[in-house]
Amino acid sequence: MHQSVKNILVTHEQIVARSKELGEQITNEYKNHENKPLLVALLKGSVPFLAELIKHIDLDIEYDFMDVSSYEGTESIGDIRIIKDLDRSIKNTEIILVEDIVDTGRTLETVKKLMVQKGASDVKVVTLLDKPDRRVVDITAEYVGFVIPNEFVIGFGLDFDQKFRNLPYVGVLKEEFYK
Ligand code: 5GP
């Protein structure tokens, strides 16, 4: 275990097993749809989860990336900066947003609205982690890997100061790092 990690919350084996279940569920739910969904992964944290999940989706899917950040000093919903936009039009496309963690829910709510504005016919959400205790907007992900307590976690895409994204598990960061 990395010296900055207090304890491991979700092991690599658990992530792989749960991604398989979610991939199979998505396959079953979308297999009879005329057009297959477009997975939209939010950079950078969702990359390892996207890579694991797609191995278990047995459909002709495509994926694309978006990078957004909230304007500093503002809490207002809808006021986000698009750092990288989608490469293609999503008009009449069914979207599955791929997230690393849903915390307050603000990012997802905003990006979901953006997808609808761009003409998506449906937007669902798959997230590796869900921290429901911290939610401030009423949003739920259709597919959730693991519900976790209100602790700051790192690994499997999640960073602290851009580091630790490469850890193969999800762990709680030692408090001395951010206190
Ligand atoms: P929300 O808009 O739901 O509050 O925030 C979601 C984003 O906040 C995530 O995509 C992630 O980048 C960041 N975040 C929320 N909780 C954590 C956490 O426990 N650890 C890390 N590393 N990032 C988090």
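Scroll up to find the structure this text is about.
Residues numbered from 1 in each chain as written. Predicted model: local features only at pLDDT ≥ 70, side-chain atom pairs only at ≥ 80, totals over all residues. Heavy atoms only, no water.

Draft legend 1. Region of interest: the site of the ligand. Residues in contact with the ligand amount to 15 residues; listed here are only the nearest, T104, G105, T107, V153 and D159. Between the ligand and E99 there is a distance of 3.4 Å, counted from an oxygen atom to a side-chain nitrogen or oxygen. One of the backbone nitrogen or oxygen atoms of G105 is found 2.8 Å away from an oxygen atom of the ligand. In the complex, 81% of the free accessible area of the ligand, which totals 510 Å², lies under the protein chains. When contributions to the shell around the ligand are tallied by element, the ones reaching two or more residues are β5 (94-102) and α3 (106-117). (Near = heavy atom within 4 Å. Polar contact = N/O pair within 3.5 Å; in protein donor to acceptor, adjacent residues only side chain to side chain. Areas by Shrake-Rupley, 256 points an atom, 1.4 Å probe, with all protein chains shown as cover. Helix = DSSP H or I, 4+ residues; strand = E, 2+ residues; numbered from the N terminus.)

Draft legend 2. A look at the sheet that holds strand β9 (residues 170-173). Here three strands make up an open sheet; going across it, the order is β1-β9-β8 and the pairing antiparallel. The two strands at the open ends of the sheet, each matched to only one other strand, are β1 (5-10) and β8 (153-154). (Pairing = 2+ DSSP bridges.)

Draft legend 3. Quick look at the sheet that holds β5. The strand order β4-β3-β2-β5-β6-β7 describes an open sheet built from six strands, whose pairing is mixed. Lying at the two open borders of the sheet, with one neighbouring strand each, are β4 (80-84) and β7 (143-147). On average, each strand axis in the sheet is inclined to that of its neighbour by 30°, with strand direction left out of account. Bridging between strand β2 (residues 38-42) and strand β3 (residues 62-70) involves five bridges; their strand directions are parallel. The residue bridging L42 from the neighbouring strand is M66, located in β3. Sheet strands in contact with helix α1 (residues 12-30) are β5, β6 (122-130) and β7, and its direction is about 160° off that of β7. Running at roughly 165° to β5, α3 makes contact with β2, β3, β4, β5 and β6 of the sheet. (Axes fitted to C-alpha atoms, helices over the stretch in contact; angles between N-to-C directions. Contact = heavy atoms within 4.5 Å.)

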